[in-house]
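Each chain is listed here by its residues.
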Amino acid sequence: MKKTIIITTGLYPSEGIFSLIKYISVALISNKDFHKKYNLKILLFNENLTKKVKKIIYNLYLTIKNIFLIEKNRIHKFTYSAKKFTNDNYNLSKYIEFFINEDDYNKFDPHLIFPMQINTKKDILSVGYIYDLQHKDLPYLFDKKEIKKRNNLFRKILNDNQRVIVNSKFVKNGLIKKYKANSKKIIQLPFIPYIFDNIRFSTKNIEKKYDVSNNYFIISNNFWKHKNHETAFKAFKIFLLKHPSFQLICTGNPYDSRFPNYFKNLSKKYSDLIKKNRIKILNSIPRSDQLNLMKGAKAVVQPTLYEGGPGGFSSYEALSIGKKLLISNIPINKEIKSPNVHFFNPNSPTELSKLFSKVINIKKNSKKNIFYKKISKKNKKIFGKFLLKMIDLV
């Protein structure tokens, strides 16, 4: 009899968790050996009206604390719609179920649940997930209460699950060093980019839709302070002196609840370039549009100061569709091995501006696009085998 594996978003998931769920699920269902042994259920948290009201009240409480107690609590958005995720990923729809509380897991009689945070079901095998150690490495972004809360949560994740997955060697080493974690318990997911979206690429239509020129670079990050947009903006300003026709396109949420004035101040500082449409801020846009804009860009830019996985998902996406990636040379990003990667010092706009000039002179190779499609298929198979082996070993 086949055993049931649950892949879950957990409660109140971020958009990053939904991307991780898709990345894992698509690779698993492509593996024939997995289907011989297991049934798959993908459980998506469905944020109903009651939970939305509770979140509004909680966010109001956090906002008051941020203002009057000068804390840095992150304000939580409404969860990415489970229904929208299902509609956008019809290839996964037959495996998807919605849930409201973690007690709902029981009705599927699961053999294993992942990626979990706190496992309250001691009789069920589970694999936890720790996304990053930002509170340890960049403590100035957090207040003391939030640091204590995250420390307690991560210790519980390490204690309550049979295994814990992380996105990088950097985070794995951090857990071993800073939490005295057992290295055998931590599973590092390999950085294996593959195309897991069912998207028809049509860059000309998308460029017309967003009034984007043929010559542009793109940053696909939320405007959080540690994403370091300012270095990219400074570099692009230098680059424009010799290449005035180019644009820098930015997608992502413009609000950082821990530094609410960050985007406002940044926009004011570069208002001239924004008004002239040289820097174009699109905010959050549909994922299919974002990937099409990436596909048409000269390169994807990732100036980040910190990530839990190499380069974050925008870097992963860039490499999966064969794009050049200009990325900060912080230790975690050095885990990326690809001829399409160009590193720069995240504190050096001059260095990045030189990379802008360098990559626009590299000629397109149509054969490379075919090559990366083949690599993508191969990577999906490799990752599917990796996940099956992990499930078998838990």
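Computed from a predicted model, the values in this text were never measured in an experiment.

*Asks:* Just to check I follow, could you spell out helix α7 (residues 169-179) for this structure?
*Replies:* Since one α-helical turn is 3.6 residues long, residues separated by three or four positions face the same way. Every buried residue belonging to α7 is among V171, G174, L175 and Y179, and all of these are buried. One side of α7 holds all its buried residues, which, seen down the axis, span an arc of 100°. Remark: K180 follows α7 within two positions and exhibits a positive phi of approximately 55°.

*Asks:* Which parts of the structure should I look at to understand the pairing of strand β12 (residues 325-328)?
*Replies:* Looking along a regular strand, one sees side chains alternate from face to face of the sheet. Neither face of β12 is exposed, since L325 and I327 on one face and L326 and S328 on the opposite face are all buried. Where strand β11 (residues 300-302) and β12 come together, 3 bridges link them in parallel fashion. Within the sheet, the bridge partner assigned to Q302 lies in β12 and is I327. Between the parallel elements β11 and β12, the chain passes through helix α13 (residues 312-320) in a crossover that is right-handed. Summarising the sheet, β12 and strand β13 (residues 341-344) pair through 4 bridges and their orientation is parallel. From the neighbouring strand, I327 faces β13, where its bridge partner is F343.

*Asks:* Would you mind showing me how to read the packing of helix α9 (residues 229-240) against helix α14 (residues 349-359) here?
*Replies:* For any two helices packed against each other, the geometry comes down to the angle between their axes and how far apart the axes lie. Where α9 meets α14, the closest approach of the two axes is 8 Å, and the angle between their N-to-C directions is 55°. In terms of orientation, α9 and α14 fall into the oblique class. Handedness of the crossing formed by α9 with α14: right-handed. Only P349, T350, L352, S353, F356 and S357 of α14 make contact with α9, whose side of the interface consists of T231, A232, K234, A235, F236, I238 and F239. Its residues assigned to classes, the contact of α9 with α14 shows 8 nonpolar, 4 polar and 1 charged.

Conventions adopted
- Residue numbering note: each chain is counted from 1, following its sequence as written.
- Selection of residues for local features in this predicted model requires a pLDDT of at least 70, selection of side-chain atom pairs for listing and counting requires 80 or more, and totals for whole chains, interfaces and linings are taken over all residues.
- Each side-chain value is worked out from all heavy atoms of the structure, with water and hydrogens disregarded.
- Relative accessible area decides the class of each residue, using a 1.4 Å probe on protein chains only: under 20% of the type maximum gives buried, over 50% gives exposed, and in between gives partly exposed.
- To qualify as a helix, a DSSP run of H or I must reach at least 4 residues; to qualify as a strand, a run of E must reach at least 2; elements of each kind are numbered from the N terminus.
- Starting at the helix axis, one direction is taken to each C-beta atom, and the arc is that of these directions.
- Here a strand pair is declared whenever DSSP counts at least two bridges between the two strands.
- With strands facing away from the observer, any crossover in which the path from the first strand over the helix to the second runs clockwise is taken as right-handed.
- For helices, the fitted axis covers only the stretch in contact; all axes are lines through C-alpha atoms, and the angles between them, taken along N-to-C directions, range from 0 to 180 degrees.
- Just so you know how the angles are binned, under 35 degrees is roughly parallel, over 145 roughly antiparallel, 65 to 115 roughly perpendicular, and the rest oblique.
- By definition, turning the near helix anticlockwise from the far helix through less than a right angle yields a left-handed crossing, and turning it clockwise yields a right-handed one.
- Should any heavy atoms of two residues lie within 4.5 Å, those residues are counted as being in contact.
- Residues were grouped as follows: Ala, Val, Leu, Ile, Met, Phe, Trp, Tyr, Cys and Pro as nonpolar; Asp, Glu, Lys and Arg as charged; and all remaining residues, including Gly, as polar.

Geometric descriptors of this kind do not, in isolation, establish any biological role.
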